[in-house]
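Listed below, chain by chain, are the residues.
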Amino acid sequence: MIEITTHDHANELISLSGAYLEQDERNLRKENMAEYKIAVIRGDGIGIEVIEEGIKVLNAIADRYDIKWDFVEFPWGSDYYFEHGQMMPADALDTLAEFDQIYLGAVGHPDIQDHIALNGLLLPIRRRFDQYVCERPSVLYPGINTPLKDKDAWDIDLVVIRENTEGEYANVGGFQYQGFPEEIGVQVGVFTRHGCERIITYAFEQAQARDKKRKVTSITKSNAQGYGMIVWDTAFERIAEKYPDIETESLLVDAACMDFVRRPEDFDVVVASNLFGDILTDIGAIITGSMGLAPSGNIDPQRRFPSMFEPVHGSAPDIMGKGIANPLATIISGAMMVRFIGEVEAAETIDAAVLKVVEEGKTLPSDLGGQATTSQVGDAVVRALG
């Protein structure tokens, strides 16, 4: 007997076969999907709101690039401090050590002294996981206004590589006669050859990888700090000799602050101590439009421990709950995290989506001259992903 298949039946079989193939492909993709375990600390103030938008974008990018996020949230920060007398539990660092990366919103509360928040959560994480690189890019995007005159989009495109585990934030020192008229506070800046050389080496490697101006600027104050900063200066000279193809410059921190304003286009990679890097990156954020556009990564380049990605801005309790916080710095920080784990194409897609949103200018938050809410900005970036 000869079986005759009708045209409609044949088309049905072809369609069914295609559906099975598509399902098999989806199953295969699911089996091969990269999975990353991310610790999420929303923290305080607007950190709670902006992290929501960052996660929204990361979830939106996941299916396209076969990524699976395992987000685990921890309610640490000021509210935890008010209840327990500490910013996070005693075993918090052991808990975080089990994660691939850390995604942080912001930490700080007007009723808690800044040094408590800093030393109670941020610095312990950076030190325990040897996140000795704090990478903070500053880019003037199209469509963004700068307080500087005669500066166009992309004229400012620099990155500050901040030493993150020693220097002026080493928290070495103490008090004598505290509470008495003779009160003394001693604060020690710690500069080790090892610490200086490894952060400066990272800066030169970034200058090569960026392949833009191929320039590294060292920030110092050795005319006044004649011990620690001399260790820094001599380390810079030693490392620079290994990179003859990279232009170098050494600036006193006061001159660098001035030049960030008068000639920011001349900078490419800037390497600075903990304190100086902190100061300069605030200037870098403002001259490129807003603190709401300033991302950062606290990085262990050797990937022995989790790194931590967070916006540069603080918890901004004055605008908490108003729905006007700018989530773009948090979203860009998320892109930095995605790039760091090796999902480069996905990170570039997020960056391109942010660029599209700011360039179009239709859905901008109030700090960038718009009227969009925090959630609306996040939604706009998701739509721009395509």
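Residues numbered from 1 in each chain as written. Predicted model: local features only at pLDDT ≥ 70, side-chain atom pairs only at ≥ 80, totals over all residues. Heavy atoms only, no water.

**Q** Help me understand the overall build of the protein, please; the structure alone is not making it clear to me.
**A** Tallying secondary structure elements over the protein gives 12 helices and 12 strands in all. The C-alpha extent of the protein, read off along each of the three principal axes, is 105 × 55 × 40 Å. Per-residue burial over the protein gives 51% buried out of 386 residues. Taking all contacts inside the protein whose residues are at least 6 apart in sequence as the whole, residues at least 24 apart take part in 75%. By element, 51% of the accessible surface of the protein is carried by carbon and sulfur atoms, the whole surface being about 18,500 Å². Each charge class in the protein was averaged separately, 34 positive and 62 negative side chains, and the resulting centres sit 3 Å apart. (Helix = DSSP H or I, 4+ residues; strand = E, 2+ residues; numbered from the N terminus. Buried < 20%, exposed > 50% of the residue type's maximum accessible area, 1.4 Å probe, protein only. Contact = heavy atoms within 4.5 Å. Areas by Shrake-Rupley, 256 points an atom, 1.4 Å probe, with all protein chains shown as cover. Lys, Arg positive; Asp, Glu negative; His and termini not counted. Charge placed at Lys NZ, Arg CZ, Asp CG, Glu CD.)

**Q** For this particular structure, what's the right way to read the sheet that holds strand 3 (residues 101–106)?
**A** Within a beta sheet, neighbouring strands are joined by backbone hydrogen bonds and run either parallel or antiparallel to one another. Taken together, the 10 strands give an open sheet; going across it, the order is 2-1-3-12-11-4-5-10-8-9, and neighbouring strands pair in mixed fashion. The strands lining the two open edges of the sheet, one partner per strand, are strand 2 (67–73) and strand 9 (247–252). On average, each strand axis in the sheet is tilted by 25 degrees relative to the strand beside it, whichever way the strands run. Across seven bridges, strand 1 (residues 34–43) lies against strand 2 in parallel orientation. (Pairing = 2+ DSSP bridges. Axes fitted to C-alpha atoms, helices over the stretch in contact; angles between N-to-C directions.)

**Q** Is there a simple way to explain the side chain of arginine 126 in this structure?
**A** Among the secondary structure elements, arginine 126 is positioned in helix 5 (residues 114–128). In terms of polar contacts, arginine 126 uses its side chain to reach the side chain of asparagine 298, at 3.3 Å. In this structure arginine 126 touches Gln131, Arg162, Asn164, Thr165, Asn298, Met308 and Glu310, once residues within four positions along its chain are discounted. (Polar contact = N/O pair within 3.5 Å; in protein donor to acceptor, adjacent residues only side chain to side chain.)

**Q** What am I meant to see in the state of the cysteines here?
**A** In a disulfide, the sulfur atoms of two cysteines are covalently bonded to one another. Counted by the stated rule, this structure contains zero disulfides. With no disulfide of its own, cysteine 134 lies closest to cysteine 196 among cysteine sulfurs, the gap being 16 Å. Residue classification places cysteine 134 among the buried residues on the basis of a relative accessible area of 0%. Take cysteine 196: its relative accessible area is 1%, and that puts it in the buried class. (Disulfide = S-S within 2.5 Å.)

**Q** I would appreciate a short explanation of unusual backbone geometry in the present structure.
**A** Trans peptide bonds make up most of the peptide bonds, and negative phi angles are found at most residues other than glycine. Look at arginine 303: it is not a glycine, yet its phi comes out positive at around 60 degrees. Along the chain, arginine 303 falls in the loop between strand 11 (295–299) and strand 12 (307–311). Backbone geometry at alanine 316 places phi at a positive 40 degrees, although glycine is not the residue there. Along the polypeptide, alanine 316 turns up in the loop between strand 12 and helix 10 (328–340). A relative accessible area of 23% means that alanine 316 is categorised as partly exposed.

**Q** Looking at this model, I keep getting lost on the confidence of the model for the protein. Mind explaining?
**A** When pLDDT drops low, the exact placement of atoms in the prediction is not to be read closely. For the protein, mean pLDDT is 93; residues scoring 70 or higher make up 92% of the total. Taken together, the stretch residues 1–5 has pLDDT below 50 and engages in one contact with residues farther than four places along the chain or on a different chain. (pLDDT = per-residue confidence, 0-100.)

**Q** Would you mind showing me how to read helix 11 (residues 344–360) here?
**A** Because an α-helix packs 3.6 residues into every turn, residues spaced three or four apart end up facing the same way. The terminal C-alpha atoms of helix 11 lie 24 Å apart, and with 17 residues this matches the ideal 24 Å at 1.5 Å per residue to within 8%. Among the structural elements, helix 2 (47–62), strand 2, helix 10 and helix 12 (374–384) are those in contact with the buried residues of helix 11. Remark: glycine 361 follows helix 11 within two positions and exhibits a positive phi of approximately 75 degrees. (Expected span 1.5 Å × (residues − 1).)

**Q** In this structure, what is going on with the packing of helix 2 against helix 12? I would like to understand it.
**A** A pair of packed helices can be characterised by two numbers: the angle between their axes and the separation between those axes. For the pair helix 2 and helix 12, interaxial distance at closest approach is 9 Å and the crossing angle is 15 degrees. Here helix 2 is positioned roughly parallel relative to helix 12, judged by the angle of their axes. Crossing hand, helix 2 versus helix 12: right-handed. Contacts between helix 2 and helix 12 involve Glu49, Glu53, Lys56, Val57 and Ala60 on the former and, on the latter, Thr374, Ser375, Gly378, Asp379, Val381 and Val382. For the contact of helix 2 with helix 12, a count of residues per class yields four nonpolar, three polar and four charged. (Parallel < 35°, antiparallel > 145°, perpendicular 65-115°, else oblique. Left-handed = near helix turned anticlockwise from the far one by under 90°. Nonpolar A, V, L, I, M, F, W, Y, C, P; charged D, E, K, R; others polar.)

**Q** Is there a simple way to think about the side chain of glutamine 206 in this case?
**A** Within the secondary structure, glutamine 206 is located in helix 6 (residues 193–210). Glutamine 206 gets classed as buried once you look at its relative accessible area, which sits at 18%. Setting aside its immediate chain neighbours within four residues, glutamine 206 contacts Glu135, Ile161 and Val269.

**Q** When you look at the environment of isoleucine 279 in this model, what are you seeing that I'm missing?
**A** Considering the arrangement of structural elements, one finds isoleucine 279 in helix 9 (residues 274–287). Taking the C-alpha atoms as reference points, isoleucine 279 and cysteine 257, 22 residues apart in sequence, are found 8.4 Å from one another.

**Q** Help me understand the pairing of strand 8 (residues 215–220) in this model?
**A** Looking along a regular strand, one sees side chains alternate from face to face of the sheet. The element strand 8 is largely enclosed, with a buried count of six among its six residues. Burial along strand 8 is two-sided: the residues Lys215, Thr217 and Ile219 and Val216, Ser218 and Thr220 are all buried. The pairing of strand 8 with strand 9 spans six bridges and is parallel. Bridge pairing links isoleucine 219 to leucine 251 in strand 9. Tracing the backbone out of strand 8, into helix 7 (residues 228–240) and back to the parallel element strand 9 gives a crossover that is right-handed. As paired elements, strand 8 and strand 10 (residues 269–272) share three bridges and run parallel to each other. Its bridge partner being in strand 10, threonine 217 is matched across the sheet by valine 270. (Right-handed = clockwise from strand over helix to strand, strands pointing away.)

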